[in-house]
Amino acid sequence: MFGTSKAYSGFAVDDLGRAEGFYRDTLGLRTTRSQQMGQNLMTVHLAGDRDVFVYEKPDFTPATYTILYFPVPDVEAAVDQLAERGITLERYAMFEHDDKGLVRDPAGPTIGWFRDPAGNILAVLQE
């Protein structure tokens, strides 16, 4: 029934304006705004025609899990660019992190986590 549906994902934020500035200006993604059902909404346009729907939620609580992964060809360069824009990587007790905050597990990708202005968790990882 849904095998041919072009499904998409969405997540909430506490301030759509701050989120738009972060995803557009800090991460360099294309965003568009719209209004539906009397609510301001934002679409974040990802590579490969994968759009993510973002909405403001009055009783918002940040996600406690990774909501969006960004595979990149050079994770160290990406982390350096994030740092230049004031973004620091999260550190989790269950992992060993290098000086940049990356986790380098031989059984998995080199990965680092960071937060958007709403506190949602995002990840950057080596392709």
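A. Representation of helix α1 (residues 16–26). Of the positions making up α1, those classed as buried are L16, A19, E20, F22, Y23 and T26. For α1, the N-terminal capping position is held by D15, with its side-chain oxygen 3.0 Å away from the main-chain nitrogen of G17. Backbone geometry just downstream of α1 places G28 in the positive-phi region, at approximately 75°.

B. Representation of the sheet that holds strand β7 (residues 110–115) within the structure. Strand order in the open sheet formed by four strands is β5-β8-β7-β6, and the pairing between neighbours is mixed. Edge strands, defined here as strands with exactly one partner in the open sheet, are β5 (66–72) and β6 (103–104). Where β5 lies against strand β8 (residues 121–126), six bridges are found, and the strand directions are parallel. Bridge pairing links P71 to L125 in β8. Against the sheet, helix α2 (residues 75–84) makes contact with β5, β6, β7 and β8, and its axis sits at roughly 140° relative to β8, the strand it touches most.

C. Structural context of the pattern of salt bridges. All told, the structure shown has 10 salt bridges when counted by the stated rule. Among the salt bridges present, the one from R18 reaches D14, with a minimum N-O distance of 3.6 Å. Looking at R18, the relative accessible area reads 41%, which means it is partly exposed. Among the residues examined, D14 registers a relative accessible area of 38% and is labelled partly exposed. Residue E20 is joined to R24 by a salt bridge in which the shortest nitrogen-to-oxygen separation is 3.6 Å. Placement of the pair is E20 and R24 together in helix α1, with a separation of four residues, close to one helical turn. Note on E20: relative accessible area 13%, which makes it buried.

D. Broad picture of the side chain of T43. Structurally, T43 can be placed in strand β3 (residues 39–46). Given a relative accessible area of 18%, T43 falls into the buried group. Leaving out residues up to four positions away in the same chain, T43 has contacts with R30, T31, T32, D51 and V52.

E. Focus on the packing of aromatic side chains. Applying the stated criterion across every chain yields a total of six aromatic pairs. With a centroid separation of 6.4 Å and an interplanar angle of 70°, the aromatic rings of Y8 and F53 are classed as edge-to-face. Within this pair, whereas Y8 is found in the segment before β1 (9–13), its partner F53 is found in strand β4 (residues 50–56), the two being separated by 45 residues in sequence. Exposure remark for F53: the relative accessible area of 23% places this residue in the partly exposed category. Between the aromatic rings of F53 and Y55, the centroid separation amounts to 6.0 Å while the plane-to-plane angle is 35°, which identifies the pairing as tilted. You can call Y55 partly exposed: its relative accessible area is 27%. Chaining the aromatic ring pairs together yields one cluster made of Y8, F53 and Y55.

Quick notes on the rules
- Residues numbered from 1 in each chain as written.
- Predicted model: local features only at pLDDT ≥ 70, side-chain atom pairs only at ≥ 80, totals over all residues.
- Heavy atoms only, no water.
- Buried < 20%, exposed > 50% of the residue type's maximum accessible area, 1.4 Å probe, protein only.
- Helix = DSSP H or I, 4+ residues; strand = E, 2+ residues; numbered from the N terminus.
- Polar contact = N/O pair within 3.5 Å; in protein donor to acceptor, adjacent residues only side chain to side chain.
- Pairing = 2+ DSSP bridges.
- Contact = heavy atoms within 4.5 Å.
- Axes fitted to C-alpha atoms, helices over the stretch in contact; angles between N-to-C directions.
- Salt bridge = Lys/Arg side-chain N within 4 Å of Asp/Glu carboxyl O.
- Phe/Tyr/Trp six-rings, centres within 6.5 Å; stacked < 30°, edge-to-face > 60°.

Spatial relationships are all this shows, so hold off on functional conclusions.
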